[in-house]
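Now for the letters of each chain:
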Amino acid sequence: MLTHFASIIITLFACSAEIETEPVVVTEERAPIVVDLTIQPVQGSLELSEMEYTNIHLLQLLNKGDLEPIEDLVLRQNRLNGDAIKILSRSKRLSELKSLDLSYNKIGNKGAKRLSKAKFLSSVETINLERTDLGPKGSQKLIASPYFKPKEVIIGSNKLTSRAAVPLSILPSIVYLDISSAHINKEGCARILAQTNAETLKMGKNQIGFPEDNILSSNLRELWLTNSRLQNESVLRLSEQTAPNLKLLYLGKIFINDSTLKQLTQAPWFEQIEFLSLDAPTTSPQARKDFLKAYGSHRWIEINKDDFESEE
């Protein structure tokens, strides 16, 4: 007699074999997951987020004979691990891949090392590896790969440390970099702020430090320090920095006194900023009013609005 969780045996062929394009049911510990093998990329994009797919499901999908080339592959928040990279590497459908999202999967250092050897990586311009259990060793291996030349990298919520984050920030190809909550110390943050090639840099929730010579990278146009909960000393150091091309600054919730808030209006970059966002709950209403007056009404500002960040 069949039960609700009846076992279904599926014979998986090698990666080179063709798989028939009809739904296949794979029995998992929790409940059966239906794999739709009729799916095709839409204008080159294949979206498979939060499907609870495992490596087996990924193998089935990428191995079907009529699958069209994929330019944008989103695998966010499934049940993949480091072995999934081996499956991706063997696929013939990723030679034109431009964007890859593996975020919220347990890729780990093993997966990062395998990814560093994947030839399809050479065409990838945007990669999302947020919260994928990466450590400094796996990350360093990936960053040093001759195939790794992305313009946009999201790799926050991993234990990169300064050892991996600093060399990543100075990759010649980098334009957009999110290394939020990446276990970077003050010295590492200072080096990144001084040397990065990124135009947009998100590095909140690290131990924020600033360059000793008070000069931020001339490449920086947009800087996010949200969720760092900066206090007087750090904000005063920020106010001493020269930032030649900085236009957008997101500070988030900062815990400073009235004097420090006023000092920000004397920062070398203050007059050039086109958008400023901060929340200074420990300052007085009058100090914030004076700050707004100094900032002027000709440019955008958010003050004491924390909609742009979520405090934990």
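**Here we look at the overall build of the protein chain**
For step 1, the next point in the chain: The secondary structure content of the protein chain amounts to nine helices and 13 strands.
For step 2, the next point in the chain: The contacts of the protein chain with a sequence gap of at least 6 include a subset with a gap of at least 24, amounting to 68%.
For step 3, the next point in the chain: Element-wise, carbon and sulfur atoms account for 49% of the exposed surface of the protein chain, whose accessible area totals about 15500 Å².

**Side note on the nonpolar core**
For step 1, the next point in the chain: Counting 83 residues, the largest nonpolar core has Leu88 and Ile179 as the members making the most contacts within it.
For step 2, the next point in the chain: In this structure Ile179 touches Ile155, Gly156, Leu160, Ala165, Leu168, Ile184, Ile192, Leu201, Lys202, Met203 and Asn206, once residues within four positions along its chain are discounted.

**Structural notes on the environment of Gly138**
For step 1, the next point in the chain: With respect to the secondary-structure elements, Gly138 resides in helix α4 (residues 136-143).
For step 2, the next point in the chain: Among the residues examined, Gly138 registers a relative accessible area of 0% and is labelled buried.
For step 3, the next point in the chain: Distance from Gly138 to Arg114, taken between C-alpha atoms, is 9.1 Å for residues 24 residues apart in sequence.
For step 4, the next point in the chain: Apart from residues lying up to four places away in sequence, Gly138 is in contact with Asn109, Ala112 and Lys113.

**Side note on the confidence of the model for the protein chain**
For step 1, the next point in the chain: For the protein chain, the average pLDDT comes to 89, and 87% of its residues sit at 70 or higher.
For step 2, the next point in the chain: Segment residues 1-28: pLDDT under 50, and 57 contacts once partners within four positions in sequence are set aside and those in other chains are kept.
For step 3, the next point in the chain: Note that residues 306-312 has pLDDT below 50 and, in this model, 17 contacts with residues that lie over four places away or in other chains.

**Description of the environment of Ala84**
For step 1, the next point in the chain: Along the chain, Ala84 turns up in helix α2 (residues 84-90).
For step 2, the next point in the chain: Classification of Ala84 as buried rests on a relative accessible area of 1%.
For step 3, the next point in the chain: For the pair Ala84 and Leu58, spaced 26 residues apart in sequence, the C-alpha to C-alpha distance is 7.5 Å.

**A look at the packing of aromatic side chains**
For step 1, the next point in the chain: Going through the model one piece at a time under the given rule, you end up with four aromatic pairs.
For step 2, the next point in the chain: Relative to Phe275, the ring of Tyr250 lies with its centre 5.3 Å away and its plane at 40 degrees, an arrangement referred to as tilted. Pair noted here: Tyr250 is in strand β11 (residues 248-253) and Phe275 is in strand β12 (residues 275-279), with a separation of 25 residues, a long-range link.
For step 3, the next point in the chain: Classification of Tyr250 by relative accessible area gives buried; the value is 11%.
For step 4, the next point in the chain: The buried category is assigned to Phe275, whose relative accessible area is 16%.
For step 5, the next point in the chain: Ring geometry for Phe270 and Tyr295: centres 5.8 Å apart, planes at 75 degrees, overall edge-to-face.

**Points about the pairing of β11**
Residues in a regular strand point their side chains to alternate faces of the sheet.
For step 1, the next point in the chain: Judged by how many residues are buried, β11 sits mostly within the fold: five of six residues are covered.
For step 2, the next point in the chain: In this region the chain leaves strand β10 (residues 222-224), passes through helix α7 (residues 232-239) and returns to the parallel neighbour β11; the handedness of that crossover is right-handed.
For step 3, the next point in the chain: With five bridges connecting them, β11 and β12 associate as parallel partners. When the bridges of β12 are listed, Leu248 appears paired with Phe275.
For step 4, the next point in the chain: In the classification by handedness, the crossover that spans β11, the intervening helix α8 (residues 258-264) and the parallel β12 is right-handed.

**Notes on helix α9 (residues 285-295)**
For step 1, the next point in the chain: Along α9, the residues that are buried comprise Ala287, Arg288, Phe291 and Tyr295. Take α9 and look down its axis: the buried residues cluster within an arc of 95 degrees, on one side only. Along α9, the residues that are exposed and aim more than 90 degrees away from the buried face are Pro285, Lys289 and Lys293.
For step 2, the next point in the chain: Packing partners of the buried residues in α9 comprise α8, β12 and β13 (300-303).
For step 3, the next point in the chain: Where α9 ends, the next residue or the one after it, Gly296, has phi of about 90 degrees, a positive value.

**Some points on the packing of helix α3 (residues 108-116) against α4**
For step 1, the next point in the chain: Taken N-terminus to C-terminus, the directions of α3 and α4 make an angle of 10 degrees; their axes are 8 Å apart at the nearest point. On the basis of their axis angle, the class for α3 and α4 is roughly parallel. Here α3 contributes Asn109, Ala112, Lys113, Leu115 and Ser116 to the contact with α4, which in turn contributes Lys137, Gly138, Ser139, Lys141 and Leu142.

About the thresholds
Residues numbered from 1 in each chain as written. Predicted model: local features only at pLDDT ≥ 70, side-chain atom pairs only at ≥ 80, totals over all residues. Heavy atoms only, no water. Helix = DSSP H or I, 4+ residues; strand = E, 2+ residues; numbered from the N terminus. Contact = heavy atoms within 4.5 Å. Areas by Shrake-Rupley, 256 points an atom, 1.4 Å probe, with all protein chains shown as cover. Core = buried A, V, L, I, M, F, W, Y, C linked by side-chain atoms within 4.5 Å. Buried < 20%, exposed > 50% of the residue type's maximum accessible area, 1.4 Å probe, protein only. pLDDT = per-residue confidence, 0-100. Phe/Tyr/Trp six-rings, centres within 6.5 Å; stacked < 30°, edge-to-face > 60°. Right-handed = clockwise from strand over helix to strand, strands pointing away. Pairing = 2+ DSSP bridges. Arc of directions from axis to C-beta. Axes fitted to C-alpha atoms, helices over the stretch in contact; angles between N-to-C directions. Parallel < 35°, antiparallel > 145°, perpendicular 65-115°, else oblique.

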